[in-house]
Amino acid sequence: MELNRRDLLKVLGLAGLGVAGGGVLAGCTTSGGGAPVLSGNADLDLWTHDPGYATFFTDAATDAALVGGSAWTFGVDVTSIAPADIVSRLITQAVAQRPLPQLAGLVIDQFPRVMRADIAENLFVDLTSLTEPLGDRLLKTQPYSVDGKVYALESDNSVSVMFYRADLFEQLGIPDDVGTWEELLEIGAGVAADTGRAIGMVANGDNGSIVNGFTQLLLQRGGSLYDADGNLTVVSDESVEVLELMAAGVRSGAFLPLSDPYGGAVAAALKENQLIATVMPNWYEVYGLQANVPDQSGRWRARTIPRFTGGGHIGSTLGGTAFAVLKDQPLTDAATDLLRRTYLSEDGQLARYHAGAYMPTLVDLYQATRFQQITDDYLGGQRVFEVYAAAAMDMPAFYQAAGASVLRDSLGGPILRAINGQASAEEALTAGVHAYERQVQQ
Amino acid sequence: MTATTAATKLRSDQRRWAPYAFISPFFVLFTVFLLVPVGAGIYLSLTDWAGLGEPDFIGLANYSRLLGDASFGAALGNTAFYTLFAIVVVLPVSLLIALGLDTRGLRLRDFFRLTYFMPVVLSPIIIALIFGLIFDGQYGLLNAVLEALFGFGGVSWLTDPMWARVVVVVLVLWRWTGYLTIFFLAGLQAIPRELHEAAELDGAGLVRRFFSVTLPQLRPVTAFIAVTMLVNTAQIFEEPFLLTQGGPGEATLSVSMFVYRAGFQRQELGYAAAAGVVMFVIVFVLGRIGTRAFGVGRTR
């Protein structure tokens with residue numbers, strides 16, 4: 001057979017394309033894993049971005065109070081992966097039929113990625129049978145649900161409250177029990193004019209931070225980005241009201257616009273006593289306040305968020321990480337059992353709080369003596385669960401949809417324009433939603 | 001067939017196939033790492049695929065969607081701005097610095113080289129953090145300096161669409177100028193001194209020598225740098241991603257970021273592949289234009 005260089009290239013090219021096509025088609029199924037392990041040793045692989053969860057699960061796996069009586073003897077092998085990479089790698093591993101972990105921590109804003117094309121259904125165990133008996137006792141299942149089925153369990157309720165500097169509030173004569181945002185904003189405007197200090201912050205950096213800040217207040221006001229069926233509900237009177245409040249706050253100086261609510265900018269604002277209050281979730285105390293201003297320990301307090309005059313809640317939510325169990329693997333049942341014991345029991349929730357200040361997701365636990373007695377040194381020895389209980393009891397539901405990432409990118413710019421006074425709230429929201437609809441419909 | 005004939009045929013076959021066996025490693029690698037990904041990418045761009053399950057063949061629908069996607073238009077516009085800036089500003093600045101470093105009798109030459117090259121070896125994460133601190137609107141160093149010197153310092157460097165683009169190109173300038181300077185310096189040092197001396201004897205001044213001796217002699221180096229920079233900047237990702245995440249809004253979004261966003265934030269792998277193919281075509285065409293315009297590969 002005569003073979004020249006051109007023929008060789010052709011043959012190799014065709015073979016290569018064939019291999020690629022075959023690979024793509026072969027990748028259309030997820031890997032199975034053999035017979036289920038029903039008892040005995042269960043060395044589980046866990047992927048997470050947060051060292052706190054790594055420590056918690058590693059300790060919990062051998063904690064007799066949590067896993068005593070289980071058919072499995074647990075061990076946990078943790079792999080640390082960035083939040084966005086966890087979902088990407090779960091999918092690529094499944095496509096390539098490579099080993100998957102049994103447990104994976106999904107950051108809340110990454111979950112919409114698996115809401116498309118039955119990815120959640122194909123990758124994760126449907127945990128509805130565990131959550132359904134708990135009914136309304138169990139909070140925050142909505143963001144991790146697809147077609148009414150729960151695919152991941154929230155680790156931290158992420159209850160939003162208002163953190164404030166008790167010493168500066170007293171010094172400036174700001175009451176710590178102001179009832180409404182409207183009143184507080186008026187006081188804040190006066191404080192800003194007199195002292196240059198701000199009683200809140202508004203993110204103006206990346207789209208994620210901008211939209212998160214807006215969403216937190218929108219949920220509190222009683223609005224939402226999506227309804228339970230995944231329909232967009234962001235254009236509403238509540239949204240306009242919230243955005244107008246944010247813009248008015250920035251205009252008067254009551255709210256400080258900051259590019260990064262967690263890094264250098266907020267550290268400077270806190271250190272200079274320029275930011276003396278902020279509405280953020282419980283985890284912000286550790287990652288925002290304690291991390292940036294440990295020297296201000298004892299000067300901060302928490303309270304519920306002032307209501308909007310028009311209605312809404314005294315609590316809200318922002319962020320979170322939920323754990324999902326990967327399906328069709330020998331240790332899937334074992335992983336589900338560990339997750340149930342650690343995430344849906346009172347002991348497990350208390351252990352989680354002590355491991356990383358992760359808030360309970362079982363709402364009645366906020367009233368339990370064990371939680372009510374907890375005091376927080378950073379917050380001046382305050383019995384924090386008195387505040388968190390009130391906020392959790394009135395916490396709005398948060399729904400997501402597959403297009404949440406598109407919405408974030410579509411709304412970020414327009415919201416920023418409204419905050420900066422370059423567009424009205426209504427114009428900005430309409431523009432953002434038009435951009436979203438154009439992309440989602442296409 | 002006798003044993004002798006068989007052995008002769010075997011040797012003949014070996015002789016015929018041996019050259020192909022020797023050159024095959026290149027072709028195998030070329031196929032596996034270039035043809036296959038390109039083929040798979042083109043195929044994916046014709047499908048709707050979220051990563052799992054069967055890719056749905058949808059023909060050219062992704063390309064048609066790209067045509068009407070304002071975000072993709074914004075990404076193209078931003079990338080064109082970055083690329084233009086790189087060619088029009090970064091390249092000449094690099095050459096000027098190289099000329100400065102090539103000056104006879106310059107002291108601390110190695111120190112300057114090291115300083116200019118430093119940004120290339122620094123981690124992009126650290127660079128983004130430092131730039132974030134410098135350009136922060138409220139507490140940034142630059143605004144503080146402007147306030148102290150000129151009495152104004154309220155520029156929203158990272159949160160105003162126009163200024164955010166400027167900061168990204170400043171980062172490009174800062175990061176890549178030193179790297180390109182090294183190439184220009186190598187080119188300058190390769191120019192025979194006699195040419196400059198002859199021009200000087202003929203009465204050519206500094207400027208005339210630059211345009212009549214230095215620039216023509218540097219043409220191959222300039223061509224290489226220009227085409228490399230053109231192709232690299234057309235695929236810019238790290239700078240806007242780390243500094244502004246493409247924001248505010250989509251003011252600094254680049255085409256590479258658009259591809260990443262579609263693929264890894266929205267699970268629209270087919271759409272991301274289509275954008276990737278378009279980017280590939282644009283970069284290829286730009287590369288060819290650059291190659292032709294600067295005469296890369298042409299014998300002098």
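Residues numbered from 1 in each chain as written. Chains lettered and ligands numbered in written order. Predicted model: local features only at pLDDT ≥ 70, side-chain atom pairs only at ≥ 80, totals over all residues.

### Describing the overall build of chain A
Helix and strand content of chain A: 18 helices and 15 strands. A compact globule built from 442 residues would reach a C-alpha radius of gyration of about 22 Å, and chain A, at 24 Å, matches this within 12%. Overall, the C-alpha framework of chain A stretches about 90 × 60 × 40 Å when taken along its three principal axes. Counting over 442 residues, chain A shows a buried share of 51%. (Helix = DSSP H or I, 4+ residues; strand = E, 2+ residues; numbered from the N terminus. Rg over C-alpha atoms; globule rule 2.2 N^0.38 Å. Buried ≥ 20, exposed ≤ 12 C-beta atoms within 10 Å, placed from the backbone.)

### Regarding the overall build of chain B
Check the secondary structure of chain B and you find 12 helices and 2 strands. Here chain B, with 300 residues, has 36% of them falling under the buried criterion. In chain B, of all internal contacts separated by at least 6 residues, the share reaching a separation of at least 24 is 66%. (Contact = placed C-beta atoms within 7 Å.)

### Section: the interface of chain A and chain B
With 43 residues of chain A in contact, the opposing surface of chain B contributes 39 residues. Element by element, the count of residues in the side of chain A that touches chain B is highest for helix H1 (residues 5-26) of chain A, at 10 residues. Counted by class, the side of chain A that touches chain B contains 22 nonpolar, 16 polar and 5 charged residues. (Nonpolar A, V, L, I, M, F, W, Y, C, P; charged D, E, K, R; others polar.)

### Thoughts on the domain arrangement of chain A
Residues and elements named next belong to chain A. Under the domain assignment used here, chain A contains domain 1 (40-157 + 319-361) and domain 2 (159-316 + 397-441). Domain 1 puts 12 residues into the contact, and the matching count from domain 2 is 14 residues. Among the residues making up the side of domain 1 that touches domain 2, the classes are represented as 6 nonpolar, 3 polar and 3 charged. (Domains from an automatic or database assignment.)

### Regarding helix H12 (residues 269-294) of chain B
Since the α-helix advances by 3.6 residues per turn, residues separated by three or four positions end up pointing in the same direction. Residue and element names in this part refer to chain B. The end-to-end C-alpha separation of H12 is 36 Å, in line with the 38 Å expected for 26 residues at 1.5 Å each. All buried positions along H12 are accounted for by Leu269, Gly270, Tyr271, Ala272, Ala273, Ala274, Ala275, Gly276, Val277, Val278 and Met279. For H12, the elements touching its buried residues are helix H1 (3-44), strand S1 (47-48), helix H2 (61-67), helix H3 (70-101) and helix H11 (255-265). Once H12 finishes, glycine 295 follows within two positions and takes phi at roughly 70°, a positive value. (Expected span 1.5 Å × (residues − 1).)

### Thoughts on the environment of A:Pro306
Residues and elements named next belong to chain A. Note that proline 306 resides in the loop between strand S11 (300-303) and strand S12 (316-317). For proline 306, a count of 19 C-beta atoms within 10 Å translates into the label partly exposed. Taking C-alpha positions, proline 306 is 8.2 Å from methionine 162, a pair spaced 144 residues apart along the chain. Dropping the residues within four chain positions of it, proline 306 is found in contact with Val178, Gly179, Thr180, Trp181 and Leu184.

### Some words on the pairing of strand S3 (residues 103-107) of chain A
Residues and elements named next belong to chain A. In terms of burial, S3 is a largely internal element, 4 of the 5 residues being buried. One ladder, built from 2 bridges, connects strand S1 (residues 40-48) with S3; its direction is parallel. Of the residues in S3, the one forming a bridge with leucine 46 is leucine 103. (Pairing = 2+ DSSP bridges.)

### Structural notes on unusual backbone geometry
For the bond from B:Gly247 to B:Pro248, the omega torsion is -5°, close enough to zero to count as cis. Considering the arrangement of structural elements, one finds B:Pro248 in the loop between helix H10 (238-243) and H11. Positive phi is not limited to glycine here, since A:Gln97 has a value of about 55°. Mapping A:Gln97 onto the fold places it in the loop between helix H4 (83-95) and S3.

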